[in-house]
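Here is what each chain is made of, one letter per residue.
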Amino acid sequence: MVLHLLMVRRGVNIFKIVILAGTFALAFAFAGNDLVNFVGVPLAAWESWQQFTASGMAADAFTMEGLRKAVQTPTFYLLLSGLIMVLTLWFSKKAHRVVQTSINLSSSTRGDQEQFGSSLPGRLIVRAGLSANKTLHQILPNSLFTALESRMQPVEQVKGAPVLPLVRAAINLVVSSILIASATSLKLPLSTTYVTFMVAMGSSFADGAWNRESAVYRISGVLAVISGWFLTAMCAFSACALVTWALFEGGSVVAVLFMLVAVVSLVRSNFFGKKKEESSFDIVADNTDKDSIRANIGASVDESIDTAVRLMREGLTAFQAEDEKILNRCKNEAVNLFEDISRSRGSYYRMALRGGGDDLDNEARHIYYRIFNGMKELSHELRSVLGMSANHIANRHRPYSGALGDNLEQMLGILEDAARHFRAYAAGEGSRAELSAYADHCSSRISKIQIELLQRIDTEGLSMRSSDLYLNYLQFARAFINRFTIVALLERDLNDACRRNAARKEEETAAASAQA
């Protein structure tokens, strides 16, 4: 108490000291538990081998009585194991994702897309909680709830502040370290990750970090993580039984085979895993001014146009060749494109929360939303038409031939040429009237292809399913022209406005310098 008063009078934030001490306590608690789990098995195997070689007995006559005694582990092995654990936690992307999952589910921030979707159990729990809350409000006096709400007023979020308040961070560290250290001293089996995760969930729930907008997603995430642990436990139980039975039946040959499979799996998962390529859609600028938004829009629009045209080209080529593998890959890429653009479009909400800036900054944010909304709708149509194409081939329906196939090739040429015109206009070439006339010309060409299709349905013997798919290709091409025409117009308007604003500032600066 005296130390606390001295810290308060000197202006020292005690929670920062508690967090620092709690971090060290949690690190030692983790080391006392995870280090044993990490080195226990290989050191026990090494000690068993040493005892067996020293005994000189046959393998079928040697017993493991020696392991009942306390084994003195060399300090070098402990230091080496600790160093490996530290380096793994520092460099492992998988470890970072595990920590990020806990932070996302316990975060007080709003506006970002939730990591987990909703589930039926999550919805049922939230519904039951709201019903219980309504019942309590009918039974208990309102003065009690007023008093409780007065103690739970959220602190205003400061820009750049951590997602966890200091009080909650201190509680998470201290409580987790106490639970882990106590259970380890009592020789109880536990998961350190599970303990810290559930402590973080409990403190976030008590702190009111979950509200009606995020509760169902957070609870669904918690249930998904917990069920995942139970599922992996059952898988480990079943796999262990299967491996043990195989070793008894197969002997040394199966043991060597399992060792090779284990080595290959470890090497493949850690060194040859698929790495997601960086995308301009992953850019979330900390600055929400007009220049940053303009740069983000320019990179994202170029990538969206290129990816949409490429996927349509590769998907249609694979469709005509009845290459189901490539067509499914294109469909999956279209799904990823839709998700990336949807996530980036959500940045408009964070821009609105941060606020600030002048009128042109606000206009840039409005244009950002309109552009990304158009690209999102187009990527949705691309995902839909490629999915229909994949199902068409999977069901072994025939592709298009003759004039219909040639017209689809002509449609691809229209899209590729339109993409060049849209980029040129956004960069400052041509006029608005010329772009509108060009878009009308492209739409007319697509309409002619559609009319020719309707004339050939009978002669080509097309089914209604094949006709619908063909019309969906043309509908995507028409949507591509319309939406990217609007995107190009908006991008050009923003670029021109930013250039005029920069020129005006240069003139004002030059005038001020001349007066000085």
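Relevant structure appears above.
Keep in mind it's a predicted model, so treat the numbers as computed, not measured.

Caption draft 1: Region of the structure containing the environment of Ile 393. As for its placement among the helices and strands, Ile 393 is situated in helix H14 (residues 359-394). Overall, the relative accessible area of 2% leaves Ile 393 in the buried class. Separated by 66 residues in the primary sequence, Ile 393 and Leu 327 have C-alpha atoms spaced 8.8 Å apart. Among all residues touching Ile 393, those that are not within four sequence positions of it are Phe 319, Glu 322, Glu 324 and Leu 327.

Caption draft 2: Layout of the layout of surface pockets. Volume-wise, the second largest pocket comes out at about 1500 Å³. As for the second largest pocket, its lining consists of 37 residues, and the residues nearest its centre are Leu 26, Phe 30, Leu 89, Val 99 and Thr 196. Contributions of two or more residues to the lining of the second largest pocket are made by helix H2 (14-55), helix H3 (75-91), helix H4 (93-106), helix H7 (166-185) and helix H8 (192-206). Per element, the largest residue contribution to the lining of the second largest pocket is 12 residues, and it comes from H2. Classifying every residue of the lining of the second largest pocket gives 23 nonpolar, 12 polar and two charged.

Caption draft 3: Focus on the packing of helix H11 (residues 290-320) against helix H15 (residues 402-426). For the pair H11 and H15, the least separation of the axes is 10 Å and the interaxial angle reads 170°. In terms of their interaxial angle, H11 and H15 are classed as roughly antiparallel. Two secondary-structure elements touch here, H11 through Asp 302, Ile 305, Asp 306, Val 309, Met 312, Arg 313, Leu 316 and Gln 320 and H15 through Gly 405, Leu 408, Glu 409, Met 411, Leu 412, Leu 415, Glu 416, Ala 419, Phe 422 and Arg 423. Tallied by class, residues from the contact of H11 with H15 come to 10 nonpolar, two polar and six charged.

Caption draft 4: How the structure looks around the packing of aromatic side chains. In this structure the tally under the stated criterion is 12 aromatic pairs. With a centroid separation of 6.0 Å and an interplanar angle of 55°, the aromatic rings of Phe 76 and Tyr 77 are classed as tilted. Residue class for Phe 76 comes out exposed when judged on its relative accessible area of 56%. On the basis of an interplanar angle of 35° and a centroid distance of 5.6 Å, the ring pair of Phe 319 and Tyr 400 is categorised as tilted. One end of the pair, Phe 319, is in helix H11; the other, Tyr 400, is in the loop between H14 and H15, and 81 residues separate them in sequence. By the burial criterion, Phe 319 is buried, and Tyr 400 matches it. Grouping aromatic residues by their ring pairs yields a cluster made of Phe 319, Tyr 400, Tyr 470 and Tyr 473. Here Arg 383 stacks its cationic end above the ring of Phe 338, 4.2 Å away from the centre of that ring. The ring of Tyr 425 is capped by Arg 492, whose NZ or CZ atom sits 4.4 Å from the centre of that ring.

Caption draft 5: A look at the packing of H2 against H7. Between H2 and H7, the shortest axis-to-axis distance is 8 Å and the interhelical angle comes to 30°. Comparing their axes, H7 and H2 come out roughly parallel. Note that H2 runs across H7; the crossing there is left-handed. Contacts between H2 and H7 involve Phe 15, Lys 16, Val 18, Ile 19, Gly 22, Thr 23, Ala 25, Leu 26, Ala 29, Phe 30, Gly 32 and Asn 33 on the former and, on the latter, Leu 166, Val 167, Ala 169, Ala 170, Leu 173, Val 174, Ser 176, Ser 177, Ile 180, Ala 181 and Thr 184. Partitioning the contact of H2 with H7 into residue classes produces 15 nonpolar, seven polar and one charged.

What counts, and where the lines are drawn
- Residues numbered from 1 in each chain as written.
- Predicted model: local features only at pLDDT ≥ 70, side-chain atom pairs only at ≥ 80, totals over all residues.
- Heavy atoms only, no water.
- Helix = DSSP H or I, 4+ residues; strand = E, 2+ residues; numbered from the N terminus.
- Buried < 20%, exposed > 50% of the residue type's maximum accessible area, 1.4 Å probe, protein only.
- Contact = heavy atoms within 4.5 Å.
- 1 Å grid on protein atoms, 1.4 Å probe; cavity = no way out; pocket = protein on both sides within 12 Å on 5 of 7 lines; lining within 4 Å.
- Points joined across faces, edges and corners; volume = space filled by probe spheres on them.
- Nonpolar A, V, L, I, M, F, W, Y, C, P; charged D, E, K, R; others polar.
- Axes fitted to C-alpha atoms, helices over the stretch in contact; angles between N-to-C directions.
- Parallel < 35°, antiparallel > 145°, perpendicular 65-115°, else oblique.
- Phe/Tyr/Trp six-rings, centres within 6.5 Å; stacked < 30°, edge-to-face > 60°.
- Lys NZ or Arg CZ within 6 Å of the ring centre and 35° of its normal.
- Left-handed = near helix turned anticlockwise from the far one by under 90°.

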